[in-house]
There are 2 protein chains.
Amino acid sequence: MQNNSASGPLNPSAARPARDVFLREVGLRDGLQIHSTFMPTEQKLAWIRAEAAAGMPEIEVTSYVPARVIPQFADAEAVTVQALGTPGLTVAALVPNLRGAERGIELGVHKLNFVMSVSRTHNLKNVRREREESIADFSRIVERIREQPADRRPIICGGLSTALGCSYEGRISIDDVVRCAVALAEAGANEIVVADTVGYADPTLVRTVFKRVMAEVGSLPVGAHFHDTRGTGLANVAAALDAGVRHFDASLAGIGGCPFAPGATGNIVMDDLCFMLDSMGLRTGVDLEKLLAVRALVREALPDIEMHGALARAGLPTGYVSTREQVAA
Amino acid sequence: MQNNSASGPLNPSAARPARDVFLREVGLRDGLQIHSTFMPTEQKLAWIRAEAAAGMPEIEVTSYVPARVIPQFADAEAVTVQALGTPGLTVAALVPNLRGAERGIELGVHKLNFVMSVSRTHNLKNVRREREESIADFSRIVERIREQPADRRPIICGGLSTALGCSYEGRISIDDVVRCAVALAEAGANEIVVADTVGYADPTLVRTVFKRVMAEVGSLPVGAHFHDTRGTGLANVAAALDAGVRHFDASLAGIGGCPFAPGATGNIVMDDLCFMLDSMGLRTGVDLEKLLAVRALVREALPDIEMHGALARAGLPTGYVSTREQVAA
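None of the values given here were measured: they were computed from a predicted structure. (Residues numbered from 1 in each chain as written. Chains lettered and ligands numbered in written order. Predicted model: local features only at pLDDT ≥ 70, side-chain atom pairs only at ≥ 80, totals over all residues.)

**Q** What am I meant to see in the sheet that holds strand S2 (residues 58–63) of chain A here?
**A** Pairing between the strands of a sheet comes from backbone hydrogen bonds, and it takes one of two forms, parallel or antiparallel. All names here are of chain A. Read around the barrel, 8 strands follow the order S1-S2-S3-S4-S5-S6-S7-S8 and close on themselves; strand pairing throughout is parallel. Strand-to-strand, the axes of this sheet are offset by a mean angle of 25°, without reference to chain direction. Inspection of the sheet shows strand S3 (residues 90–95) paired to strand S4 (residues 111–117) by 4 bridges, in the parallel sense. Bridging from a neighbouring strand, Val95 pairs with Phe114 of S4. (Pairing = 2+ DSSP bridges. Helix = DSSP H or I, 4+ residues; strand = E, 2+ residues; numbered from the N terminus. Axes fitted to C-alpha atoms, helices over the stretch in contact; angles between N-to-C directions.)

**Q** In this structure, what is going on with the relation of the copies chain B and chain A? I would like to understand it.
**A** Put simply, the two copies of the chain differ by a rotation about an axis and a shift along that axis. The two copies are related by a screw operation: chain B maps onto chain A through 180° of rotation and 0.0 Å of translation along the axis, at an RMSD of 0.0 Å. The operation mapping one copy onto its partner corresponds to a two-fold rotation axis. In terms of C-alpha distance to the rotation axis, chain B has Ala235(B) as its closest residue, with the C-alpha 1.8 Å off the axis. When the interface residues of chain B are mapped onto chain A, 100% of them are again interface residues, pointing to one common binding face. (Least-squares fit on C-alpha atoms with pLDDT ≥ 70 in both. Contact = placed C-beta atoms within 7 Å.)

**Q** Where do I start with the nonpolar core in this structure?
**A** One broad rule of soluble globular proteins: the nonpolar side chains tend to lie buried together. By size, the foremost hydrophobic cluster in this structure holds 216 residues, and its most contacted members are Val194(A) and Val194(B). Apart from the residues lying within four places of it in its own chain, the contact partners of Val194(B) are Leu160(B), Ala163(B), Val177(B), Val209(B), Phe210(B), Val213(B), Val222(B) and Ala224(B). (Core = buried A, V, L, I, M, F, W, Y, C linked by C-beta atoms within 7 Å. Buried ≥ 20, exposed ≤ 12 C-beta atoms within 10 Å, placed from the backbone.)

**Q** Could you clarify how one ought to interpret the sheet that holds strand S4 (residues 111–117) of chain B in this entry?
**A** Residue and element names in this part refer to chain B. Pairing is parallel around the closed barrel formed by 8 strands, whose spatial order is S1-S2-S3-S4-S5-S6-S7-S8. Taking the axes of each pair of neighbouring strands and ignoring which way they run, one obtains an average angle of 25° across the sheet. Of the pairings in the sheet, the one linking strand S7 (residues 222–226) to strand S8 (residues 247–250) comprises 3 bridges and is parallel in character. Opposite Gly223, over in S8, you have His247 as the bridge partner. Strands S4 and strand S5 (155–161) of the sheet are contacted by helix H6 (residues 131–146), whose axis makes an angle of about 165° with S4.

**Q** Hey, could you run me through the interface of chain B and chain A in this one?
**A** By a frequent convention, interface size equals the accessible area lost on bringing the separate parts together. Counting residues at the interface gives 40 residues for chain B and 40 residues for chain A. Contributions of two or more residues to the side of chain B that touches chain A are made by helix H8 (203–216), helix H9 (233–243), helix H10 (270–279) and helix H12 (310–314) of chain B. For the side of chain B that touches chain A, the per-class residue count stands at 19 nonpolar, 15 polar and 6 charged. (Nonpolar A, V, L, I, M, F, W, Y, C, P; charged D, E, K, R; others polar.)

**Q** How should I be thinking about the packing of helix H7 (residues 174–187) of chain A against helix H8 (residues 203–216) of chain A in this particular structure?
**A** Two packed helices can be described by the angle between their axes and the distance between those axes. Residue and element names in this part refer to chain A. In contact at an axis separation of 9 Å, H7 and H8 are set at 35° when each is read in the N-to-C sense. Viewed along their axes, H7 and H8 form a crossing whose handedness is right-handed. In this structure, H7 contributes Ile174, Val177, Val178, Ala181 and Val182 to the contact, and H8 contributes Thr208, Val209, Arg212, Val213 and Glu216. Among the residues forming the contact of H7 with H8, the class breakdown is 7 nonpolar, 1 polar and 2 charged. (Left-handed = near helix turned anticlockwise from the far one by under 90°.)

**Q** What is the right way to look at unusual backbone geometry in this model?
**A** Of all residues except glycine, most have a negative phi; of all peptide bonds, most are trans. Notably, Arg128(A) is not glycine yet its phi reads approximately 55°, a positive angle. Following the sequence through the fold, Arg128(A) ends up in the loop between helix H5 (120–127) and helix H6 (131–146).

**Q** When you look at the packing of helix H2 (residues 41–53) of chain B against helix H3 (residues 76–83) of chain B in this model, what are you seeing that I'm missing?
**A** All names here are of chain B. Where H2 contacts H3, the two axes come as close as 10 Å, and the packing angle between them is 35°. Two packed elements cross with a definite hand, and for H2 against H3 that hand is right-handed. Listed contacts from H3 to Thr41, Lys44, Leu45 and Ile48 of H2 are Ala78, Val79, Gln82 and Ala83. Residue composition of the contact of H2 with H3, by class: 5 nonpolar, 2 polar and 1 charged.

The quantities given are spatial measurements derived from coordinates; they are silent on function.
Structural data, given as structure tokens:
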């Protein structure tokens with residue numbers, strides 16, 4: 001993400017095209033983590049390289065969890081190291097705890113995405129910690145980062161899952177979301193990401209929550225991570241844009257799902273998101289045709305995975321001129 | 001729709017619950033018109049009655065076109081007459097021309113939806129008329145309605161298809177949309193509906209077009225008819241709500257498609273739309289559980305039809321309390 005005071009030589013943003021909205025592909029992490037078939041390392045890298053070549057500025061390439069917990073990420077080291085060779089790409093990875101963060105720092109990953117749940121029940125079930133303990137973990141990660149020489153410090157992102165609803169608790173207190181966001185910001189987050197992990201959000205709630213969080217965390221970028229579980233994903237993006245959000249997570253072809261709703265869709269579809277933003281005159285830096293072409297790579301590698309996406313079925317509108325081309329002209 | 005100066009005894013709105021947003025089911029017309037299998041009349045009526053019982057205030061039940069043009073509507077008379085017996089339901093039907101309007105008037109249908117295209121090319125291909133000729137047709141329909149005794153006058157709605165994009169022409173001039181809307185309003189429309197027939201719209205365009213149209217047609221209700229062809233349907237609803245739109249078309253399970261994009265989705269999914277509006281605290285009068293139950297009727301009647309809908313796959317959020325129940329409590 002931009003305007004990041006912690007960015008050092010690890011941040012390759014200088015060479016990038018102008019963007020109004022900053023996208024992060026999370027299909028390789030959030031998408032693949034619930035897919036039972038291992039995607040071979042070379043095919044993950046082919047996906048990463050092709051999507052970066054299509055103009056995607058940032059990709060969450062893996063998660064630093066033990067391979068016995070999620071076998072899909074057994075190749076986290078190889079994926080990270082080779083992804084770091086991709087020109088212009090910010091390579092991000094999820095870290096559940098200090099140990100994971102240490103793996104990422106050692107590998108030289110550009111960005112660490114720490115995630116905790118705003119829902120107390122979900123946090124207890126997911127990482128067996130009270131929320132306060134998770135915030136303390138986050139502080140230790142920030143300390144460890146600050147022990148590194150300036151040119152070896154990854155960007156640290158504080159993610160709040162279940163911030164707009166929880167399968168265990170239902171509605172989540174907005175005060176709790178703000179309290180957690182402020183705690184992560186004060187602990188040293190370079191960015192905050194607010195996530196609708198189970199797809200409960202609606203545009204009104206999104207506007208309210210993001211406005212409040214953004215008002216409380218000062219100049220930190222606040223990103224949105226929406227799932228399309230109940231069809232409201234892109235409507236929530238539109239509402240977040242209104243609130244001033246300019247950083248969004250999504251997954252190519254909506255790869256992924258929802259562990260709490262078998263058969264349901266997961267992350268919002270990157271291809272449809274890019275089309276909507278581009279149609280709105282917002283520069284994403286992504287070439288829509290090239291992005292759509294990446295779907296074939298994923299289909300070939302994972303023949304049995306469910307793929308979503310309306311743009312891929314319908315095609316671009318007649319005479320469509322992307323904002324990217326308008327700017328280039 | 002409400003606040004309709006032309007409404008006489010044909011308008012059953014007096015007995016209805018309070019609503020913030022007014023929905024119209026169009027699956028039986030826009031959805032079925034491109035489906036090759038004839039849906040038996042009794043099953044159409046079962047769908048109409050079940051959805052009305054779920055709280056749907058208005059259903060476009062058929063189209064008064066010759067049966068040789070669209071065999072699906074060969075039972076237009078029977079469907080209309082029997083649908084008119086449904087308590088509390090506004091029965092609407094599409095009319096392509098004066099002859100169709102005369103059939104509707106004779107049957108005593110509550111509302112006539114006249115549709116013309118803002119795209120000159122699309123209008124020529126679809127009804128073989130210049131736009132000015134279509135507006136003249138509309139004026140003749142209004143005259144014919146006004147010849148009726150006051151208690152036999154249907155509401156007349158002026159619909160503008162391809163208003164947000166056209167498969168032949170691409171982008172459509174907003175001035176043309178406004179010009180056509182004003183012409184229909186001046187000719188005597190009780191309502192205007194602006195349609196994104198091929199799913200080209202984005203939230204920015206929606207906000208611009210609807211604000212301009214609403215500013216020009218005075219107090220007439222302006223409804224939105226969105227297709228989800230490229231995934232932006234509910235985002236466009238959110239933008240239209242911001243612009244002040246309170247009338248929306250949709251089809252149960254997204255029944256239908258797009259003749260210009262085989263395999264693509266058609267109308268926005270009514271079930272997902274109702275969920276989003278309800279989540280936003282807007283009263284639709286629709287019971288979400290009862291609405292979802294109607295899907296089974298349609299599935300049984302048309303085993304081979306493609307059905308969409310994220311809510312149906314994922315279910316309602318944990319502890320979800322609908323706005324409807326909150327209001328009733």
